[in-house]
Each structure stands twice: as structure tokens, then as C-alpha cells.
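Observations on the model geometry
What follows is each chain in one-letter form.
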Amino acid sequence: MEHPAAFAATMRKYGVSPGDIGDGVTFGEAYDLVVAAMGDTATPLYAAVQGWAFPASFPELVQLASSAGSPDAARKLMPWTLGAENRRREALSVSTAERAEALAELQAMFA
């Protein structure tokens, strides 16, 4: 599963521990909960799968948009916009191992 923390948080929101699946909760019930979560913008699972920065219900989104002051300001605050910015930042980041590998390649070129 690509988003295990979001799945676990969503299951807890519904009062179910992921460890309960198969014992107290059937796989069919867990499936129904996941389907319900994917239709609810306020669940961590929905936000994670959609790439949002945070989960938000429709009323919260409306409140956020109306309190932003302008449409441009509202767009910048929306979870999908902030999520895209986070993904862009992560894509541009360089790990320590990548940096060391690039430096070794450069040193080999000029040695």
C-alpha cells in the first residue's frame, strides 16, 4: 500500500484499527470503509491519494476560500495547491547519497 499512514489514520477515524481487519472487521467492511474514505475529502486517505497537503471537508474548503480575501489568495491556500508545491519541492530535493555520487562523478571527470 502506497499510503499506509493515511490508511491507518482513516481507519482510526472510523473507529477501526488496521489490526482489527480479519478479526473484528471483515475484509468486506474494511473495503467499504476505504471506498467511503475515498469519497470524503476530510479523510487522511483521500488527501494522501489525491496529493493534497492536508484533508479538508467541503465546508472547511468553502470557509478557507471565503476567508482568503481574493480568489488568487484562496488558490494558494487550497490543499491541492500546497500539495503540488510540496511534491515539486520533494522532486527537486537531492539526497546526501545523490549529492555524493554526483560529486564523485565530477571528481572523476577532472582527475
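The notes below deal with the structure included here. (Residues numbered from 1 in each chain as written. Predicted model: local features only at pLDDT ≥ 70, side-chain atom pairs only at ≥ 80, totals over all residues. Heavy atoms only, no water.)

Description of helix α1 (residues 4-13)
Rules: Burial status follows relative accessibility: with a 1.4 Å probe on protein chains alone, a residue under 20% of its type maximum counts as buried, one over 50% as exposed, and anything between as partly exposed. Segments assigned H or I by DSSP are reported as helices when at least four residues long, segments assigned E as strands when at least two residues long, and all are numbered from the N terminus. Only heavy atoms matter for contacts: two residues are in contact if any of them lie within 4.5 Å across the pair.
Along α1, the residues classified as buried are A6, F7, A8, T10 and M11. In this structure, the buried side of α1 is in contact with α2 (27-37) and α3 (44-50).

Topic: the pattern of salt bridges
Two side chains of opposite charge can pair, provided their charged atoms sit close to one another. Worth spelling out the cut-off: Take a side-chain nitrogen of Lys or Arg and a carboxyl oxygen of Asp or Glu: if they are within 4 Å of each other, that pair is a salt bridge.
Counting across every chain of the model gives 3 salt bridges. We note a salt bridge from R75 to D72, for which the minimum N-O separation is 2.5 Å. Note that R75 and D72 are positioned in helix α5 (residues 71-77) at a spacing of 3 residues, about one turn of the helix. The exposure class assigned to D72 is partly exposed, which follows from its relative accessible area of 49%. Between E85 and R88 there is a salt bridge; the shortest N-O distance is 2.8 Å. With a gap of 3 residues between them, E85 and R88 both fall in helix α6 (residues 79-92), about one helical turn apart. With a relative accessible area of 28%, E85 lands in the partly exposed category. One salt-bridge network, held together by shared partners, links E85, R88 and R89.

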